[in-house]
Amino acid sequence: MSVSEREVLTREVSGREVSGQEVSGREVSGQEVSGREVSGREMSGLEVLEREMSKGEFSGREKAESEEKEVFSCEEAKKAAEKAMALLLFKDRTRQELVTRLYRAGFSETALSEAMAYVERFGYINDRRYVENYVMFQKGKKSRREMVYQLTERGIEGELISEVLEECDYDGEQEAIRMLLKKKLKGRLLCETAYEERQKIMAYLGRKGYEFHTIKKVFSQLDNEDKKV
């Protein structure tokens, strides 16, 4: 008898058994994933996976799919899906990242295609959600240019990145520059730094992707604030 979808997901993942109520050695409730409450944002693929596995059963649509027929045409495709789920259990990934890992693992094009269709069908990967979560956690830490570069390197299309950044109304570059300056100055005031050091810091920020006019604006703000101290 062939292995059902439920058995595919509840068998060993990465060399260990995953029980109906425990993921990575801890209980995951309906409101808590990886020890933290998920609110105000869409869950990542990793969180979706952990939530579904913690229930001990799958959603109605997964059950219906399983009852109708097996979704995999061959054993290799099932193994590719198992590999994909194992990879997603430890880290949320973009579609391209997951495709690359499965390809390097030696799966055929057919097996890879069916595995990707499976994880996409049930929401375990979603590039838009990935970008939205990335921007939410990195704004105030990275420049817009740096985020675009890193997301592009992970296989995200530029159009999708720009669209999400516009929707998020990203304007956190000044705050990000302030945070980087705080680390660089190590408790000193900006006005206490020599001209040469200021120039080096500006060049460093420029290499991080910040626009020169934004850097100058933050420097001016900090100089004015320091004078009031």
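Notes on the structure in this doc start here. (Residues numbered from 1 in each chain as written. Predicted model: local features only at pLDDT ≥ 70, side-chain atom pairs only at ≥ 80, totals over all residues. Heavy atoms only, no water.)

1. Topic: the overall build of the chain
Turning to step 1, where the next piece is worked out: In terms of regular secondary structure, the chain is built from 12 helices and 4 strands.
Turning to step 2, where the next piece is worked out: When each of the 229 residues of the chain is scored for burial, the buried share is 43%.
Turning to step 3, where the next piece is worked out: For the chain, restricting intrachain contacts to residue pairs at least 6 apart in sequence, the fraction spanning at least 24 positions comes to 70%.
Turning to step 4, where the next piece is worked out: With the model as given, the accessible surface of the chain reaches about 13200 Å², and the carbon-plus-sulfur share is 47%. (Helix = DSSP H or I, 4+ residues; strand = E, 2+ residues; numbered from the N terminus. Buried < 20%, exposed > 50% of the residue type's maximum accessible area, 1.4 Å probe, protein only. Contact = heavy atoms within 4.5 Å. Areas by Shrake-Rupley, 256 points an atom, 1.4 Å probe, with all protein chains shown as cover.)

2. Examining the packing of aromatic side chains
Turning to step 1, where the next piece is worked out: Within the structure shown, the criterion is met by 3 aromatic pairs.
Turning to step 2, where the next piece is worked out: Ring geometry for Y118 versus F122: centroids 5.0 Å apart, planes at 80°, classification edge-to-face. For the residue pair Y118 and F122, the accessibility class agrees, reading buried in each case.
Turning to step 3, where the next piece is worked out: Lying across the ring of F122, R121 places its NZ or CZ 5.7 Å from the centre.
Turning to step 4, where the next piece is worked out: Lying across the ring of Y204, K184 places its NZ or CZ 4.2 Å from the centre. (Phe/Tyr/Trp six-rings, centres within 6.5 Å; stacked < 30°, edge-to-face > 60°. Lys NZ or Arg CZ within 6 Å of the ring centre and 35° of its normal.)

3. A few points about unusual backbone geometry
Turning to step 1, where the next piece is worked out: Even without a glycine there, the phi angle at K186 is positive, about 50°.
Turning to step 2, where the next piece is worked out: Inspection of the secondary structure puts K186 in the loop between helix 10 (173-185) and helix 11 (195-207).
Turning to step 3, where the next piece is worked out: For K186, a relative accessible area of 74% corresponds to the exposed category.

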